[in-house]
Amino acid sequence: MKINWGTGIVIAIVAFISFIMFFVVTMTTSHDANHDLVTEEYYKAELGYQKEIDAERNASIASSQIEIKKSPEGLLVIFPDGYDDTNVKGIVSLYRPSNKNLDFNLPISLSNSHLLIPDNQLLDGRWDIKVFWEHEEKEFLHKESITF
């Protein structure tokens, strides 16, 4: 049987469509390709974005900045001198871009002007950290990405 050019074109088009459909079905049914949003209530979070901008500006113009350092015990969030341990309240949010199930929040409870996030809660890889705190009725925000 001899295949002419018209039959070859039809076979090529059918093969190409089959190839594309295979990848579409594979990607939509695969659990490895998880298409989650960064936040569940995106529009609600967007309304509070100006508050974040103001808090980040307050942190950048402050006389001294907080530091985030890796230590053998875990991740150390060091607040500058002048922050009274009982006068600071807030939250530390750790966001894992690769897996939303690993995200968690910790309330800020200082001891000696630093907060320790234990090593057993952090897996190796990239973490986006947001430290949102309030001191003397003024809000501050520090954002940083680290590889642990």
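Read on for a plain summary of the structure.

This next bit is on unusual backbone geometry. We note that Glu 136 has phi near 55°; this positive angle belongs to a residue other than glycine. As for its position among the elements, Glu 136 is in the loop between β6 (126-135) and β7 (138-147). On the accessibility criterion, Glu 136 (60% relative accessible area) is exposed. One non-glycine residue, Glu 137, adopts positive backbone phi at about 60°. Locating Glu 137 in the fold gives a position in the loop between β6 and β7.

To continue, consider the packing of aromatic side chains. Summed over all chains, the structure comprises five aromatic pairs. Between Phe 79 and Trp 133, the aromatic rings sit 5.4 Å apart at their centres with planes inclined by 90°, giving edge-to-face as the arrangement. Of the two residues, Phe 79 is situated in the loop between β2 (74-78) and β3 (88-95) and Trp 133 in strand β6; the sequence distance between them amounts to 54 residues. Taking the relative accessible area as the measure of exposure, Trp 133 reaches 3% and is therefore buried. Seen in terms of ring centroids, Phe 104 and Trp 127 are 6.0 Å apart; in terms of plane orientation they differ by 70°. Their pairing is edge-to-face. Taken together, the residues span a long stretch of sequence, with Phe 104 in strand β4 (residues 104-107) and Trp 127 in strand β6 at a distance of 23 residues.

It is worth spelling out a nonpolar patch on the surface at this point. Taken together, the side chains of Trp 5, Ile 9, Ile 13, Phe 16, Ile 17, Phe 19, Ile 20, Met 21, Phe 22, Phe 23, Val 24 and Val 25 make up a nonpolar region of the molecular surface, amounting to roughly 1,300 Å² of accessible area. Examined against the element boundaries, Val 24 turns out to sit in helix α1 (residues 5-29). Taking relative accessible area as the criterion, Val 24 reaches 41% and is therefore assigned partly exposed.

What counts, and at which threshold
- Along each chain, residues carry numbers from 1 onward, in the same order as the chain's sequence is written.
- Totals for whole chains, interfaces and linings use every residue, but because this is a predicted model, local features are given only for residues with pLDDT of at least 70 and side-chain atom pairs only at 80 or more, for both listing and counting.
- Water and hydrogen atoms were dropped before computing side-chain values, which therefore reflect all heavy atoms in the structure.
- Every helix listed is a DSSP run of H or I at least four residues long, and every strand listed is a run of E at least two residues long, numbered separately from the N terminus.
- For every residue, the accessible area obtained with a 1.4 Å probe (protein chains only) is divided by the maximum for its type, and the residue is called buried under 20%, exposed over 50%, and partly exposed between those limits.
- Any pair of Phe, Tyr and Trp rings, taking the six-membered ring for Trp, is counted once the centres come within 6.5 Å. Such a pair is stacked with planes under 30 degrees apart, edge-to-face with planes over 60 apart, and tilted for the rest.
- Patches were defined on residues exceeding 30% relative accessible area and lacking a salt bridge, with like-charge contacts within 9 Å and nonpolar side-chain contacts (Val, Leu, Ile, Met, Phe, Trp, Tyr) within 5 Å.
- Each accessible area is a Shrake-Rupley result for a 1.4 Å probe, and residues are judged covered by the shown protein chains and nothing else.
- When a carboxyl oxygen of Asp or Glu is within 4 Å of a side-chain nitrogen of Lys or Arg, the pair counts as a salt bridge.

These figures come from the coordinates and say nothing about function on their own.
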